[in-house]
Amino acid sequence: MVSVETLEVAMHSRFRSLRTLAAVLLLAAPAAVVAAGPATPASADSRAATLVPTPPMGFNDWNAFGCEVDEELIRETADKMVASGLAASGYEYVNIDDCWSQKSRDADGRLVPDPVKFPNGIAGVADYIHGKGLKLGIYGDAGTLTCAGYPGSLGHEELDARTWAEWGVDYLKYDNCNNQSDGSQADYIRRYTAMRQALDRAGRPIVYSICEWGSSRPWEWARGVGDLWRTTGDISDNWESLRSIIAQNAPLYPYAGPGHWNDPDMLEIGNGGMTDTEYRTHMSTWAMMAAPLIIGTDLRTASAQTLAILGNRDIIAIDQDPLGRQATVVSDRDGLMVLDKPLRSCRAASRPG
Ligand code: GLA
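Analysis parameters
- All residue numbers refer to positions counted from 1 along the written sequence of the respective chain.
- Restriction of local features to residues with pLDDT of at least 70 applies here, the model being predicted, together with a cutoff of 80 or more for giving and counting side-chain atom pairs; totals for whole chains, interfaces and linings are based on all residues.
- The side-chain quantities take in all heavy atoms of the structure and omit both hydrogens and water.
- Secondary structure elements follow DSSP: runs of H or I no shorter than four residues count as helices, runs of E no shorter than two count as strands, and numbering proceeds from the N terminus.
- In this scheme, a residue with accessible area under 20% of its type's maximum is buried, one over 50% is exposed, and one in between is partly exposed, where area comes from a 1.4 Å probe on protein chains only.
- Residue contacts follow a heavy-atom distance rule, with two residues in contact if any of their heavy atoms lie within 4.5 Å.
- Where accessible areas are quoted, they stem from the Shrake-Rupley method and a 1.4 Å probe; at the residue level, only the protein chains shown are allowed to cover.
- Salt bridge, as applied in this entry: a Lys or Arg side-chain nitrogen positioned within 4 Å of an Asp or Glu carboxyl oxygen.
- Here, the term disulfide refers to a pair of cysteine sulfur atoms separated by no more than 2.5 Å.

Bringing the overall build of the chain into the picture now. When its secondary structure is counted, the chain shows 11 helices and 12 strands. Within the chain, the fraction of its 353 residues that count as buried is 56%. Counted over contacts in the chain with a minimum sequence separation of 6, partners at least 24 positions apart contribute 71%. Of the accessible surface of the chain, which amounts to about 14,000 Å², a share of 52% is contributed by carbon and sulfur atoms.

Taken as a whole, this structure holds 17 salt bridges when the rule is applied. As a salt-bridge pair, R300 and E76 come within 2.9 Å of each other at their nearest N and O atoms. Of this pair, R300 sits in the loop between β10 (293–295) and α9 (304–310) while E76 sits in helix α3 (residues 71–83); the two residues are 224 residues apart in sequence, bridging distant segments of the chain. What makes E76 partly exposed here is its relative accessible area of 29%. For K132, the salt bridge goes to D79, with nearest N and O atoms at 2.9 Å. Placement of K132 in the loop between α4 (121–131) and β5 (135–141) and of D79 in helix α3 is noted, with a sequence separation of 53 residues between them. Residue K132 is classed as partly exposed on the basis of its relative accessible area of 31%. With a relative accessible area of 26%, D79 lands in the partly exposed category. Each of E76, D298 and R300 takes part in a single network of salt bridges with overlapping partners.

Disulfide: a covalent bond formed between the sulfur atoms of two cysteine residues. Tallied over the entire structure, the rule returns two disulfides. Two residues, C67 and C99, share a disulfide whose sulfurs are 1.8 Å apart. Here C67, found in the loop between α2 (62–65) and α3, pairs with C99, found in the loop between β4 (93–95) and α4; they are 32 residues apart in sequence, far enough to count as distant. One disulfide in the model links C147 with C177; its S-S distance is 2.0 Å. With the S-S bond torsion at 95°, the cross-link from C147 to C177 turns out right-handed. In this pair, C147 sits in the loop between β5 and α5 (157–167) while C177 sits in the loop between β6 (171–175) and α6 (185–202), placing the two residues 30 residues apart along the sequence. Once the disulfide-bonded cysteines of the chain are ranked by sequence position, their pairing pattern turns out to be 1-2, 3-4.

Structural measurements only, silent on function.
This is the structure we're talking about:
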């Protein structure tokens, strides 16, 4: 009997003008063994593994809306995630990005949601999202100000982590603007570990998404600190950006696994700057790289084609395979990259009687 053991994606960049990517199912060959990533304390790893045993899936408003986030958008997005079947396909987190707070902290030093954008506060939105069976994400920054100029959490880690936990937040994206850093890896470790420890003390399970754009090579140190870490600068809605991010993120496969994922940034699928073929490539390569699948388009107005790409259960199953391996780069030369992702579920399914 022949079993499906690997899925291989080949990308011909020399056909760049055609903008093509071919995904090929290979039969039979045993899966490659991927080198283990750096060792980490068992307790930290098992905590993370229980929160994100497979790459997180959800939505974030930044790619489509920038600073134009509000409660209505978040609620309506959650409604659409459920009504469209995307929630049933695994999309779970509804994440608020930058620009959700007031420009100043209150008299007690707490972050304050913008009352015009969030009349029911973040806690009110969290209640709504939880009522739909989904989870809520928030955004913070390991600096004095966020990238858009709102209060950052550097030096306020304990209070901010406690505040988010009290509001019922389930996911934190923690950015790196205005970081006052000397640029050393030690400084990055210190700033991001301070929030790790604050989240632990706050006592609520919160997925911790480190967003320092790969600056300090977080794949070398962030396992056991964050549950996922950005490996690149910001994605843009064009093919060159996609190609460059794949080239940077694909070789980092030894560092990914259950509870510690490489994050090549959020999806641009549906935002209009690429063709549907390119968006399918985006989805497929993210799945091969065991990347977080964080939707970045306006789901309320998304086309049927966009919803079909995002909701493709076969591709999602590759991303979410419980073995949790990021595809090995089998070869990368002359503009041809071959990726090989071992899957647990296909192995189980093909086991003889
Ligand atoms: C940085 C991040 C983006 C987004 C913006 C918000 O650029 O990398 O993903 O969160 O900040 O200002």
